[in-house]
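Each chain, letter by letter, is given below.
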Amino acid sequence: MQFAKMFRVVLPGLLAAACSVSVMAAEAAAPALKTVQARSTGAAGQAQADAVVEAVRQTQISAQVAGAITEILVRPGDSVKAGQVLVRLDARAAQQQANASQAQVEAANASLAVAEKDWQRSQQLAAQHFISAAQLDKARAQYLAAAAETRAQIAAAGAVRTQSGFYTLTAPYSGVVSDVPAMPGDMAMPGKPLLTMYEPGALRVTAMIPEQQAARLRKDGALQVSWQQSGVQPATLNLTQFTVLPAADPASHSIQLRAALPNTVQGLRPGMFARLSLSLDNGNAQNAQSTPARILVPRSAVLAVQSCWLLAQRRLASPVTSCCLQRPHPHQVVSVLQPVQHLLEL
């Protein structure tokens, strides 16, 4: 009886010790998991912004007069020179008006020649006292009127010729044609874009940044631009010159930032996506406390876009549900995770 009672007391202890030894042995035999520690960026330092590549000089070519399109001489992607003909409109009516104006100029010149001869003869007759002073003044007035009429006809003919030139659209500068929405036979109207061109040697990146970041933007800090190239690693470029527009967007409460790109950059076109890395000033303590800190997780520790596994007490805990993807930079965790915690690296 006493032996059975002792067995009931000792046996659970032996079983617990054996289980503890087996768990320790299993943990010692299991391979060590490679982990990485999450880190906090604080309230200042760097900020990311989505940007777009733009052409500093981009023009929508449209007609100044109405007319049917008879010929389009360029296609998207073509390089054009300044003054090169791009589009021709139906200018038959304008040409007829130009011919009529030129005929009126010739008639005015003939009238001026007759009035000039009459004025010269009147001067000779007046010198010999064959005509009165009133007749001399009348001849002089006819000559001046004919001269004025000739100048008016010449100016009118020049205006008609200028208007007839509106039916031929030329390139305002050397560049690349990016879009041609019009087709031959379409009716061109004033202000209706017929094609779009830009100057490839002058590009810039623009981004909309929050008002708080614009106020803390370091004027002497470097601005890093990164973009994805086809088939290769993302390219990066450091810029020191940028412009922050003085007005803010009232709808989004953001301010536009512009940074000019050097003309030596290759592979960029207007409309391409880019990412800006901004250098922010630390500011005062009040600003630093009012701006929430961020937790950055290395990409190797992220299992998916919306779940990264947290390693707690040598066991996998529930996944963190607030990871957001920010390639090619570390993933930003906006909640749950603490800087001292570790994540499983895959």
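Everything discussed here concerns the structure shown above.
Residues numbered from 1 in each chain as written. Predicted model: local features only at pLDDT ≥ 70, side-chain atom pairs only at ≥ 80, totals over all residues. Heavy atoms only, no water.

> It is not clear to me how the overall build of the protein chain should be interpreted in this structure. Could you clarify?
Helix and strand counts for the protein chain come out as 5 helices and 23 strands. Within the protein chain, the proportion of its 346 residues that are buried is 31%. Considering only contacts in the protein chain between residues 6 or more positions apart, those separated by 24 or more positions represent 74%. Here the protein chain displays about 21300 Å² of accessible surface, and carbon together with sulfur accounts for 55% of that area. (Helix = DSSP H or I, 4+ residues; strand = E, 2+ residues; numbered from the N terminus. Buried < 20%, exposed > 50% of the residue type's maximum accessible area, 1.4 Å probe, protein only. Contact = heavy atoms within 4.5 Å. Areas by Shrake-Rupley, 256 points an atom, 1.4 Å probe, with all protein chains shown as cover.)

> Sorry, what's going on with the nonpolar core here?
In terms of nonpolar packing, the biggest core is built from 29 residues, with Val205, Leu223, Leu257, Leu276 and Leu278 touching the most fellow members. The set of elements that each furnish at least two residues to this core consists of strand 3 (46-55), strand 12 (203-210), strand 13 (223-227), strand 14 (235-239), strand 16 (254-261) and strand 17 (273-279). Sequence-distant contacts of Leu257, defined by excluding residues within four places in its chain, comprise Val205, Thr206, Ala207, Ile209, Leu217, Leu223, Phe242, Thr243, Val244, Leu276 and Leu278. In terms of nonpolar packing, the next biggest core, distinct from the first, is built from 22 residues, Ile61, Val65, Val180 and Leu194 among them. (Core = buried A, V, L, I, M, F, W, Y, C linked by side-chain atoms within 4.5 Å.)

> For this particular structure, what's the right way to read the pattern of salt bridges?
Side chains that carry opposite charge are capable of pairing whenever their charged atoms lie near each other. Evaluation of the coordinates by the stated rule reveals 6 salt bridges. A salt bridge links Glu71 to Arg88; the shortest N-O distance between them is 3.3 Å. Here the residue Glu71 occupies a position in strand 5 (residues 67-72), and Arg88 occupies one in strand 7 (residues 85-89), the gap between them amounting to 17 residues. (Salt bridge = Lys/Arg side-chain N within 4 Å of Asp/Glu carboxyl O.)

> It is not clear to me how the sheet that holds strand 16 should be interpreted in this structure. Could you clarify?
Backbone-to-backbone hydrogen bonds join strands into a sheet, with any given pair of strands oriented parallel or antiparallel. Strand order across the open sheet formed by 7 strands is 14-13-17-3-12-16-15, with antiparallel pairing between neighbours. If you trace the sheet from one side to the other, it starts and ends with strand 14 and strand 15 (243-249), each paired once. When the angles between neighbouring strand axes are averaged without regard to direction, this sheet yields 30°. Relative to strand 16, strand 15 runs antiparallel, the two sharing 4 bridges. Paired with Asp249 across the bridge in strand 16 is Ser254. (Pairing = 2+ DSSP bridges. Axes fitted to C-alpha atoms, helices over the stretch in contact; angles between N-to-C directions.)

> Honestly, the pairing of strand 5 in this entry has me stumped. Any pointers?
Two faces, one strand: in a regular strand the side chains alternate between the faces of the sheet. Where strand 5 meets strand 10 (residues 187-188), 2 bridges bridge the pair, whose relative direction is antiparallel. The residue of strand 10 that forms the bridge with Ala68 is Met187. One ladder, built from 3 bridges, connects strand 5 with strand 7; its direction is antiparallel. Bridged to Ile69 within strand 7 is Leu89.

> What am I meant to see in helix 3 (residues 133-165) here?
For helix 3, with 33 residues, the first-to-last C-alpha span of 49 Å sits near the 48 Å given by 1.5 Å per residue. Looking at helix 3, one finds that the buried residues are Ala139, Ala146, Ala147, Thr150, Gln153, Ala157, Gly158, Val160 and Ser164. (Expected span 1.5 Å × (residues − 1).)

> I would appreciate a short explanation of the packing of helix 2 (residues 92-127) against helix 3 in the present structure.
The axes of two packed helices give the description: the angle between them and the distance between them. Contact geometry for helix 2 and helix 3: axes closest at 8 Å, N-to-C directions at 165°. It follows that helix 2 is roughly antiparallel to helix 3 by the angle criterion. Note that helix 2 runs across helix 3; the crossing there is left-handed. By residue class, the composition of the contact of helix 2 with helix 3 is 17 nonpolar, 12 polar and 5 charged. (Parallel < 35°, antiparallel > 145°, perpendicular 65-115°, else oblique. Left-handed = near helix turned anticlockwise from the far one by under 90°. Nonpolar A, V, L, I, M, F, W, Y, C, P; charged D, E, K, R; others polar.)

> How should I be thinking about the sheet that holds strand 9 (residues 175-179) in this particular structure?
Reading across from one edge, 4-11-9-6 is the order of the 4 strands in this open sheet, with antiparallel pairing throughout. Looking at strand neighbours, the two that pair on one side only are strand 4 (58-62) and strand 6 (79-80), the edges of this open sheet. Bridging between strand 4 and strand 11 (residues 193-198) involves 5 bridges; their strand directions are antiparallel. Paired with Ile61 across the strands is Leu195, a residue of strand 11.

> Sorry if this is basic, but what is going on with unusual backbone geometry here?
Note on backbone geometry: most residues besides glycine have negative phi, and most peptide bonds are trans. For His129, which is not a glycine, the phi torsion comes out positive at approximately 60°. Mapped onto the secondary structure, His129 falls in the loop between helix 2 and helix 3. For His129, a relative accessible area of 71% corresponds to the exposed category. Positive phi, close to 55°, is recorded for His253, a residue that is not glycine.

> What is the right way to read helix 2 from this model?
Because an α-helix packs 3.6 residues into every turn, residues spaced three or four apart end up facing the same way. Over its 36 residues, helix 2 runs 53 Å from end to end, which matches the ideal 52 Å to within 8%, given 1.5 Å per residue. A positive backbone phi angle near 60° is found at His129, which sits one or two residues after helix 2.

> Please clarify how the side chain of Ser101 should be interpreted in this entry.
The topology assignment puts Ser101 in helix 2. Classification of Ser101 by relative accessible area gives buried; the value is 10%. With residues near it in sequence (within four places) discarded, Ser101 still touches Ala156, Ala157 and Val160.

> Teacher, can you tell me more about the side chain of Gln213 here?
Along the chain, Gln213 falls in helix 4 (residues 211-215). The class for Gln213 is buried, based on a relative accessible area of 19%. Those residues in contact with Gln213, other than ones at most four positions away along the chain, are Ala47, Leu278 and Leu280.

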